[in-house]
Amino acid sequence: MEVVQSWISQHKLASIGTVWAAAMGASLTYSRARTPLKPSLRLIHARMHAQALTLAVLSGAAAYHYYEKRAQENETNAK
């Protein structure tokens, strides 16, 4: 698990882009199987779902970065 955290920490934008692309694909697949919408509406809905998920991931990344930086500052102050 530490290896994955390290990679994500070093490649933040790539991991967020991967989440966005996966969300687009999953949403398009789900809407194609479940709803009788036109392809243009499916694409719009998939983009909205992917954007919402990306915002959630960005918020999580910002919180992680904040707490990581705060822990490093506390560690240096304790020395």
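You'll find the structure just up there.
Remember, predicted model here, so these are calculated numbers, not experimental data.

S.K.: So what exactly am I meant to see when it comes to the overall build of the protein here?
M.R.: From N to C terminus, the protein includes three helices and zero strands. Its helices and strands in sequence order give the protein the pattern α-α-α, from N to C terminus. Its C-alpha atoms give the protein a radius of gyration of 18 Å, clearly above 12 Å, the size a compact globule of 79 residues would have. Along the first, second and third principal axes, the C-alpha set of the protein runs to 60 × 20 × 15 Å. Residues counted as buried form 13% of the 79 residues belonging to the protein. Across the protein, every contact between residues at least 6 apart in sequence was considered, and the portion connecting residues at least 24 apart equals 47%. Just so you have it, the protein exposes about 6400 Å², and 64% of that area is on carbon and sulfur atoms. The positive charge centre, built from 9 side chains, and the negative charge centre, built from 4, are 24 Å apart in the protein.

S.K.: Just to check I follow, could you spell out helix α2 (residues 12–34) for this structure?
M.R.: Turn by turn, an α-helix covers 3.6 residues, leaving residues three or four places apart pointing in a common direction. With 23 residues, α2 should reach 33 Å at 1.5 Å per residue; the first-to-last C-alpha distance of 33 Å fits that figure. Every buried residue belonging to α2 is among Ser15, Ile16, Ala23, Met24, Ser27 and Ser31, and all of these are buried. Residues of α2 that are buried make contact with α1 (2–10) and α3 (39–78).

S.K.: What is the right way to look at the packing of α1 against α2 in this model?
M.R.: Packed helices, taken two at a time, are described by the angle their axes make and the gap between the axes. Taken N-terminus to C-terminus, the directions of α1 and α2 make an angle of 100°; their axes are 5 Å apart at the nearest point. When the axes of α1 and α2 are compared, the pair comes out roughly perpendicular. Listed contacts from α2 to Trp7, Ile8, Ser9 and Gln10 of α1 are Lys12, Ala14 and Ser15. A breakdown of the residues in the contact of α1 with α2 according to their chemical character gives three nonpolar, three polar and one charged.

Scoring rules and cut-offs
- Residues numbered from 1 in each chain as written.
- Predicted model: local features only at pLDDT ≥ 70, side-chain atom pairs only at ≥ 80, totals over all residues.
- Heavy atoms only, no water.
- Helix = DSSP H or I, 4+ residues; strand = E, 2+ residues; numbered from the N terminus.
- Rg over C-alpha atoms; globule rule 2.2 N^0.38 Å.
- Buried < 20%, exposed > 50% of the residue type's maximum accessible area, 1.4 Å probe, protein only.
- Contact = heavy atoms within 4.5 Å.
- Areas by Shrake-Rupley, 256 points an atom, 1.4 Å probe, with all protein chains shown as cover.
- Lys, Arg positive; Asp, Glu negative; His and termini not counted.
- Charge placed at Lys NZ, Arg CZ, Asp CG, Glu CD.
- Expected span 1.5 Å × (residues − 1).
- Axes fitted to C-alpha atoms, helices over the stretch in contact; angles between N-to-C directions.
- Parallel < 35°, antiparallel > 145°, perpendicular 65-115°, else oblique.
- Nonpolar A, V, L, I, M, F, W, Y, C, P; charged D, E, K, R; others polar.

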